[in-house]
Amino acid sequence: MVADTPRRTGDRRDPEFEFTHDTQPSDALLCGFSEFGLAGLTAADFLVDHLELEQTGHVAVDGLPAITPFENGTPRHHTRFFSKPGVDVTVLVGELFVPVGVSAGFSDALAAWLDDNDVEETAVLSGVPVAHGPDGHRTFYVATDDYREARLDGADVPPMGNGFLDGLKAELLAQGIDSDRRACVYTTPVHAQAPDVEAAIRLVDTVSDVYDLDVDTGPLEAFAAEVAQHYEALSERVQRAEDERPDDRMYM
């Protein structure tokens, strides 16, 4: 399936996002994007590796500064979907940094794709650079009521206190408020190093419990070391972009 969403504002063309997917995705989509600390992206990438998911689609973007990741001389799409028969989640690994100013366009395109494929819920794995003490080294949630009822009843995941979300996280949650699609952001404090392995472990442990994925996070540190050089370069790009925008306004 291929879907795109051309958007124009006056004489300026906004970025266009084209979604390609070869198989029916699962009812639940877990997302990891390029953000400070790369904890969510590392967690999503590890889920793909550990669960032995197969690439089943990708997102192409026209109108944003592009990156083309490669490994052992082989290029790959920067934003990819992964699924597998018998696993009840589809994972989105997004290595392309999406600026706040175009996050609405991306989330609108993603929402259209989710509706076309009858995906019932989205969850974003995310790290946030906030001051915190030892008690803050855990995963928190910000979720719509229907997501809490469906997934978090009895789960050992506390709510985030108060504050604001922006970018893709905010857009996907706002869509969840105004639609029947359940939505959640799992977030944990991150430090400057990338990837922040401890933060990624917390996120993997949380979604493994919530979605009954039975994921062993033991190999995650070694996995992160394998991709450290790639993620270090990616983190530098994300940090440069983050330096040009206000701090993430999320509070514990």
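Residues numbered from 1 in each chain as written. Predicted model: local features only at pLDDT ≥ 70, side-chain atom pairs only at ≥ 80, totals over all residues. Heavy atoms only, no water.

- Under an unreviewed UniProt entry, the name given to the protein chain is PAC2 family protein, and the organism recorded is Halobacterium sp. NMX12-1.

## Topic: the overall build of the protein chain
Logical step 1: Secondary structure assignment for the protein chain yields 7 helices and 15 strands.
Logical step 2: Of all intrachain contacts in the protein chain linking residues separated by at least 6 positions in sequence, the fraction that spans at least 24 positions is 75%. (Helix = DSSP H or I, 4+ residues; strand = E, 2+ residues; numbered from the N terminus. Contact = heavy atoms within 4.5 Å.)

## What to know about the environment of V204
Logical step 1: Among the secondary structure elements, V204 is positioned in helix α5 (residues 197-210).
Logical step 2: Classification of V204 as buried rests on a relative accessible area of 0%.
Logical step 3: Measuring from C-alpha to C-alpha, the distance between V204 and L220 comes to 9.3 Å, with 16 residues separating the pair along the chain.
Logical step 4: Apart from the residues within four sequence positions on either side, V204 is in contact with A43, F46, L47, V215, T217 and L220. (Buried < 20%, exposed > 50% of the residue type's maximum accessible area, 1.4 Å probe, protein only.)

## A few points about the packing of helix α2 (residues 103-116) against helix α4 (residues 167-177)
Logical step 1: The interhelical angle for the contact between α2 and α4, taken along N-to-C directions, is 45 degrees, at an axis separation of 9 Å. With respect to each other, α2 and α4 are oriented oblique. The element α2 and its partner α4 pack so that their crossing is right-handed. Contact with α2, carried on its side by S103, A104, F106, S107, D108, L110 and A111, involves G167, L168, E171, L172 and Q175 of α4 and no other residues of that element.
Logical step 2: The residue inventory of the contact of α2 with α4, partitioned by class, reads 6 nonpolar, 4 polar and 2 charged. (Axes fitted to C-alpha atoms, helices over the stretch in contact; angles between N-to-C directions. Parallel < 35°, antiparallel > 145°, perpendicular 65-115°, else oblique. Left-handed = near helix turned anticlockwise from the far one by under 90°. Nonpolar A, V, L, I, M, F, W, Y, C, P; charged D, E, K, R; others polar.)

## Examining the side chain of S34
Logical step 1: For S34, the location among the structural elements is in the loop between β5 (28-33) and α1 (39-50).
Logical step 2: Reaching out from S34, the side chain makes a polar contact with the backbone oxygen of E95 at a distance of 2.7 Å. (Polar contact = N/O pair within 3.5 Å; in protein donor to acceptor, adjacent residues only side chain to side chain.)

## As for unusual backbone geometry
Logical step 1: One non-glycine residue with positive phi stands out, namely L38, at about 55 degrees.
Logical step 2: With respect to the helices and strands, the residue L38 is situated in the loop between β5 and α1.
Logical step 3: Residues other than glycine seldom take positive phi values, yet D214 does so here, at roughly 55 degrees.
Logical step 4: The topology assignment puts D214 in the loop between α5 and α6 (220-226).
Logical step 5: The exposure class assigned to D214 is exposed, which follows from its relative accessible area of 69%.

## Quick notes on the pattern of salt bridges
Between side chains of opposite charge, a pair can form when the charged atoms approach closely.
Logical step 1: Taken as a whole and judged by the stated rule, the model has 10 salt bridges.
Logical step 2: Ionic pairing is found between D115 and R181, a salt bridge with its closest N-O pair at 2.5 Å. Taken together, the residues span a long stretch of sequence, with D115 in helix α2 and R181 in the loop between α4 and β14 (182-189) at a distance of 66 residues.
Logical step 3: Note on R181: relative accessible area 7%, which makes it buried.
Logical step 4: When salt bridges with common partners are traced through the structure, they connect E120, E121, R151 and R182 into a single cluster. (Salt bridge = Lys/Arg side-chain N within 4 Å of Asp/Glu carboxyl O.)

## Some remarks on the packing of aromatic side chains
Logical step 1: Tallying each qualifying case throughout the model produces 7 aromatic pairs.
Logical step 2: Look at F81 and W113: their rings are 4.4 Å apart centre to centre, the planes differ by 20 degrees, and that puts the pair in the stacked class. With F81 in strand β9 (residues 79-83) and W113 in helix α2, this pair connects stretches of sequence that are 32 residues apart.
Logical step 3: We classify F81 as buried; its relative accessible area is 0%.
Logical step 4: Residue class for W113 comes out buried when judged on its relative accessible area of 1%. (Phe/Tyr/Trp six-rings, centres within 6.5 Å; stacked < 30°, edge-to-face > 60°.)

## Remarks on α5
Logical step 1: An ideal rise of 1.5 Å per residue puts 20 Å on 14 residues; α5 measures up with 20 Å between its terminal C-alpha atoms.
Logical step 2: With respect to burial, α5 is a largely interior element, 10 of its 14 residues being buried.
Logical step 3: The complete set of buried residues in α5 reads V197, A199, A200, R202, L203, V204, T206, V207, S208 and V210.
Logical step 4: On the buried face of α5, the contacting elements are α1, β11 (121-128), α3 (145-152), β14 and α6.
Logical step 5: Following α5 by one or two positions, D212 has its phi on the positive side, about 55 degrees. (Expected span 1.5 Å × (residues − 1).)

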